[in-house]
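Spelled out from the first residue to the last, the chains are:
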Amino acid sequence: TNISAAAAIISIDYLGDANKLAYCVTDVPPWYLCIFLGIQHCLTAFGGIIAIPIILSQGLCLQHDALTQSHLISTIFFVSGICTLLQVVFGVRLPILQGGTFTLLAPSMAMLSMPEWTCPAWTHNASLVNTTSPEFTEVWQTRMRALQGSFIMGSLFQMFVGFSGLIGHFMRFIGPLTIAPTISLIGLSLFDSAGTSAGYHWGVAVMTTALITLFSQYLRHIPVPIPAYSIHKKLQFTRVYIFQILPVLLGIVFSWLICYILTAYDVLPTDPENYGYLARTDLKKDVISKAPWITFPYPCQWGMPTVSLAGAVGILAGVISSMIESVGDYHACARLSGAPPPPKHAINRGIGMEGLGCLLAGAWGTGNGTTSYSENVGALGITKVGSRMVILFSGVLMVVMGMMGKVAAIFTTIPEPVMGGMFLVMFGVISAAGVSNLQYVNMNSSRNIFVFGFSMFSALVIPNWILKHPEAISTGLVELDQVLQVLLTTSMFVGGFIGFILDNTIPGSKHERGILAWNEAHEGDFSNTLESREVYNLPFGISTYFSSFPWLRHIPFCPPGVTASLEETEADTDSLENKQPLGHLESSQVIIGATL
């Protein structure tokens with residue numbers, strides 16, 4: 001492979017257009033760029049993935065068992081990687097990474113706070129905990145098995161909603177005034193977690209934010225000379241716009257390195273009570289020494305799952321919120337990756353595949369489910385790289401990390417303020433992507449201003465009030481209280497639901513509501529164009545096989561039949577071909593190569 005020629009094409013072809021994607025969804029970057037970009041997406045999702053097992057360990061009575069916490073982290077990485085591969089290959093087929101979700105963490109903690117699952121008093125005392133004793137093992141594994149059963153039951157509901165096409169039929173009532181607040185609130189509702197992480201050391205967090213902003217906005221058109229070797233020209237230097245492609249990864253690595261240097265010279269405080277202590281990189285060095293080199297998570301590794309009715313009902317609330325969030329993520333991801341808007345069959349498959357992912361997470365015992373990661377959708381807008389091949393590499397990397405205990409433990413040393421600084425940028429991009437959907441709506445209309453403004457403001461007020469007054473929800477049924485608690489504290493659900501109700505009940509023309517422009521851009525005839533088929537149809541010739549059986553086309557998650565030959569619709573591929581500087585491979589070839 002002539003690496004220097006490929007790099008030269010990357011650096012030259014896209015210099016002229018600041019807003020043009022470097023790689024769209026079907027493009028295949030060079031393998032070395034796929035590795036670096038895959039690592040960047042893993043690091044982007046790492047903060048959310050690792051935080052879930054650590055927070056969950058409090059309810060599982062594992063706060064003094066760091067080694068088991070590392071096993072949970074390895075398991076959630078392993079399952080997230082498998083779910084990512086399944087989603088990109090057979091699901092919605094967009095470059096969207098799968099991982100654990102805080103939406104499902106809330107009902108999990110609510111379940112573990114019930115009287116029968118309260119941790120024994122002796123587990124709170126580190127001197128009394130023997131992590132290898134059968135008694136302690138049974139304490140936390142019993143709780144984990146109950147969580148597993150609840151997630152398995154919730155996943156069956158999500159699979160039904162997705163594969164039956166209910167979510168697709170529901171989308172006909174969803175317009176930009178529903179999608180806009182839902183996507184925007186994905187980012188806005190996370191301001192507290194971003195501020196908390198950044199607040200552990202604002203200097204480090206601001207430094208991370210400044211570096212990512214500098215690389216992605218100010219230096220993205222500045223080429224960096226990179227040594228390259230080719231057979232004909234031997235060693236030479238070529239210009240690569242590395243700041244445009246790897247801004248998040250570079251920002252994290254630089255900040256992480258600076259924190260390591262400050263830790264080595266004890267510039268950062270060594271007293272846990274002092275401000276800035278959590279910016280140190282040596283807080284979890286004991287986990288690195290204790291973690292095994294190789295580990296292989298497997299289903300039912302903590303025992304056979306048990307089913308709790310209260311837990312299953314509570315998880316359903318999180319599943320509903322997760323599905324609404326994911327539909328918004330699909331549209332945002334398509335918009336930022338240069339893909340046509342997702343058709344109904346792709347959305348049905350995506351939601352159904354996320355349900356399958358929750359089923360796998362329950363079987364493996366991550367203590368959580370899986371969903372589309374909003375942080376990585378934001379990374380697409382920053383890097384201008386929307387290739388799904390990069391996400392395939394991310395999935396493979398997460399599977400490998402899940403099997404290498406030492407490697408996963410090393411990443412636990414990324415300081416919280418560094419992750420907080422990254423969140424400040426990522427969540428802002430997600431919020432802006434949501435607001436951009438209002439371009440289809442007549443915002444000179446007082447009706448539309450009311451719907452959007454009231455949806456957004458209510459989605460910030462109601463969850464905040466419920467969190468401050470949890471006792472306000474008291475119906476007499478614990479299960480119903482849990483459902484209402486989760487739904488009303490999820491900003492994306494509140495804003496999307498209010499926007500949906502108001503937009504479909506307040507009188508207004510389809511033109512005023514943006515429905516006509518929305519349908520033309522997001523539904524229309526795109527579902528059966530060659531460009532849309534290339535992105536969303538199933539790989540390995542499965543769609544072609546389905547088209548030979550007319551009755552299969554009526555299955556909600558199956559792509560529609562091919563209505564035109566490649567020659568007849570050759571013009572439809574122009575928008576994709578213009579973004580393929582390195583040559584184009586068929587989707588089946590891309591997936592087969594990634595699988596090998």
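How each quantity is defined
- Residues numbered from 1 in each chain as written.
- Predicted model: local features only at pLDDT ≥ 70, side-chain atom pairs only at ≥ 80, totals over all residues.
- Heavy atoms only, no water.
- UniProt positions renumbered as here; feature names shortened; annotations may be inferred.
- Helix = DSSP H or I, 4+ residues; strand = E, 2+ residues; numbered from the N terminus.
- Contact = heavy atoms within 4.5 Å.
- Areas by Shrake-Rupley, 256 points an atom, 1.4 Å probe, with all protein chains shown as cover.
- Phe/Tyr/Trp six-rings, centres within 6.5 Å; stacked < 30°, edge-to-face > 60°.
- Buried < 20%, exposed > 50% of the residue type's maximum accessible area, 1.4 Å probe, protein only.
- Lys NZ or Arg CZ within 6 Å of the ring centre and 35° of its normal.
- Disulfide = S-S within 2.5 Å.
- Core = buried A, V, L, I, M, F, W, Y, C linked by side-chain atoms within 4.5 Å.
- Lys, Arg positive; Asp, Glu negative; His and termini not counted.
- Salt bridge = Lys/Arg side-chain N within 4 Å of Asp/Glu carboxyl O.
- Polar contact = N/O pair within 3.5 Å; in protein donor to acceptor, adjacent residues only side chain to side chain.
- Axes fitted to C-alpha atoms, helices over the stretch in contact; angles between N-to-C directions.
- Parallel < 35°, antiparallel > 145°, perpendicular 65-115°, else oblique.
- Left-handed = near helix turned anticlockwise from the far one by under 90°.
- pLDDT = per-residue confidence, 0-100.
- Nonpolar A, V, L, I, M, F, W, Y, C, P; charged D, E, K, R; others polar.
- Arc of directions from axis to C-beta.

- The name an unreviewed UniProt entry gives the protein is Solute carrier family 23 member 4, with Takifugu rubripes as the organism.
- Per UniProt, the protein has the following entry under Subcellular location (unreviewed entry): "Membrane".
- What the UniProt record of the protein gives under Sequence similarities (unreviewed entry) is the line "Belongs to the nucleobase:cation symporter-2 (NCS2) (TC 2.A.40) family."

### Considerations on the overall build of the protein
Step number 1: Along its length, the protein carries 27 helices and 4 strands.
Step number 2: Considering only intrachain contacts with a sequence separation of at least 6, the fraction spanning at least 24 residues in the protein is 83%.
Step number 3: Of the roughly 24300 Å² of accessible surface on the protein, 67% is carried by carbon and sulfur atoms.

### Some remarks on the packing of aromatic side chains
Centre-to-centre distance and the angle between the planes together describe a pair of aromatic rings.
Step number 1: Tallying each qualifying case throughout the model produces 7 aromatic pairs.
Step number 2: The interplanar angle of 70 degrees and the centroid separation of 5.6 Å between the aromatic rings of phenylalanine 78 and phenylalanine 296 together place this pair among those described as edge-to-face. Of this pair, phenylalanine 78 sits in helix H3 (residues 66-90) while phenylalanine 296 sits in the loop between helix H12 (285-290) and helix H13 (309-337), and the two are 218 residues apart along the sequence.
Step number 3: Overall, phenylalanine 78 belongs to the buried group, its relative accessible area being 5%.
Step number 4: Taken together, a centroid distance of 6.2 Å and an interplanar angle of 40 degrees make the contact between phenylalanine 78 and tryptophan 364 tilted. Taken together, the residues span a long stretch of sequence, with phenylalanine 78 in helix H3 and tryptophan 364 in helix H14 (residues 344-364) at a distance of 286 residues.
Step number 5: A network of ring pairs unites the aromatic residues Phe78, Phe296 and Trp364 as a single cluster.
Step number 6: In this structure, lysine 406 is placed above the aromatic ring of tryptophan 293, and the distance from its NZ or CZ to the ring centre is 5.6 Å.

### Comments concerning the state of the cysteines
Formally, a disulfide is one covalent bond, and it connects the sulfur atom of one cysteine to the sulfur atom of another.
Step number 1: Tallying each qualifying case throughout the model produces 1 disulfide.
Step number 2: Disulfide partner of cysteine 61: cysteine 119, at an S-S distance of 2.0 Å. Between cysteine 61 and cysteine 119 the sulfur-sulfur dihedral comes to about -100 degrees; the bridge is accordingly left-handed. Taken together, the residues cysteine 61 in the loop between helix H2 (31-59) and H3 and cysteine 119 in the loop between helix H4 (102-112) and helix H5 (134-163) connect sequence positions 58 residues apart. Of the two residues, cysteine 61 and cysteine 119, neither departs from the other in class, the shared state being buried.
Step number 3: Take cysteine 358: it sits in no disulfide, and the sulfur closest to it among the cysteines is that of cysteine 83, at 7.7 Å.

### Let's talk about the nonpolar core
Step number 1: Counting 119 residues, the largest nonpolar core has Leu60, Leu94, Ile414, Met422 and Met426 as the members making the most contacts within it.
Step number 2: Of the residues forming this core, the biggest block, 12 residues, is contributed by H2.
Step number 3: When residues no more than four places from it in sequence are discounted, the contact partners of leucine 94 are Val88, Tyr330, Cys333, Ala334, Ser337, Ala339, Arg388, Val535 and Tyr536.

### Thoughts on the side chain of glutamate 354
Step number 1: On the secondary structure map, glutamate 354 appears in helix H14.
Step number 2: The side chain of glutamate 354 is buried and forms no salt bridge, while arginine 349, the nearest opposite charge, is found at 12 Å.
Step number 3: Of note is the side chain of glutamate 354, whose polar atom sits 2.6 Å from the side chain of serine 372.
Step number 4: For glutamate 354, the contacting residues outside a window of four places in its chain are Gln87, Gln98, Gln158, Ser322, Ser326, Tyr330, Thr370, Thr371 and Ser372.

### Looking at unusual backbone geometry
Step number 1: With phi around 70 degrees, cysteine 61 is a residue other than glycine that occupies positive phi space.
Step number 2: Residue classification places cysteine 61 among the buried positions, given a relative accessible area of 1%.

### Notes on the environment of leucine 21
Step number 1: One can find leucine 21 in the loop between helix H1 (3-13) and H2.
Step number 2: According to the relative accessible area criterion, leucine 21 is buried, its value standing at 9%.
Step number 3: Between the C-alpha atoms of leucine 21 and serine 337, which are 316 residues apart in sequence, the distance is 7.4 Å.

### Describing the packing of helix H11 (residues 247-264) against helix H18 (residues 416-435)
Step number 1: Running from N to C, H11 and H18 point in directions that differ by 155 degrees, and their axes come no closer than 10 Å. By the angle between their axes, H11 is roughly antiparallel relative to H18. Both H11 and H18 take part in a crossing whose hand is right-handed. Residues Val248, Ile252, Ser255, Trp256 and Cys259 of H11 touch H18, and the partners they reach there are Val418, Met422 and Met426.

### Considering the confidence of the model for the protein
Step number 1: The predicted model of the protein averages 78 in pLDDT, with 84% of residues at 70 or higher.
Step number 2: When the criterion is pLDDT under 50, residues 1-18 qualifies, and its contacts beyond four places in sequence or with other chains add up to 38 contacts.
Step number 3: Confidence drops under pLDDT 50 across residues 523-530; counting only partners more than four residues distant or on other chains, this segment forms 21 contacts.

### Here's the deal with the packing of helix H7 (residues 176-188) against helix H19 (residues 446-468)
Step number 1: Two numbers describe how H7 lies on H19: the axes approach to 10 Å, and their chain directions differ by 30 degrees. With respect to H19, the element H7 is oriented roughly parallel. The interaxial crossing formed by H7 with H19 has right-handed handedness. Counting all contacts with H7, which are made through Leu177, Ala180, Pro181, Ser184, Leu185 and Leu188, the residues of H19 involved are Arg447, Asn448, Val451, Phe452, Ser455, Met456, Ala459 and Leu460.
Step number 2: Considered class by class, the residues forming the contact of H7 with H19 number 10 nonpolar, 3 polar and 1 charged.

### Describing the pattern of salt bridges
Step number 1: Considering all chains together, one arrives at 5 salt bridges under this definition.
Step number 2: Where glutamate 138 meets arginine 145, a salt bridge forms, and the shortest distance between an N and an O atom there is 3.1 Å.
Step number 3: Each of the salt bridges in this network shares a partner with another, and the network as a whole consists of Asp266, Arg280 and Asp282.

### Let's talk about helix H8 (residues 191-199)
Step number 1: What H8 keeps buried is the set Ala194, Ser197 and Ala198. Seen from one end, H8 has its buried residues packed into an arc of 95 degrees, which puts them on one side.
Step number 2: In the core, the buried residues of H8 are packed alongside helix H9 (202-218) and H18.

### Some remarks on the side chain of serine 337
Step number 1: Relative to the assigned elements, serine 337 resides in helix H13.
Step number 2: Setting aside residues up to four positions removed in sequence, serine 337 forms contacts with Leu21, Cys24, Val25, Leu94, Pro95, Leu380 and Gly386.

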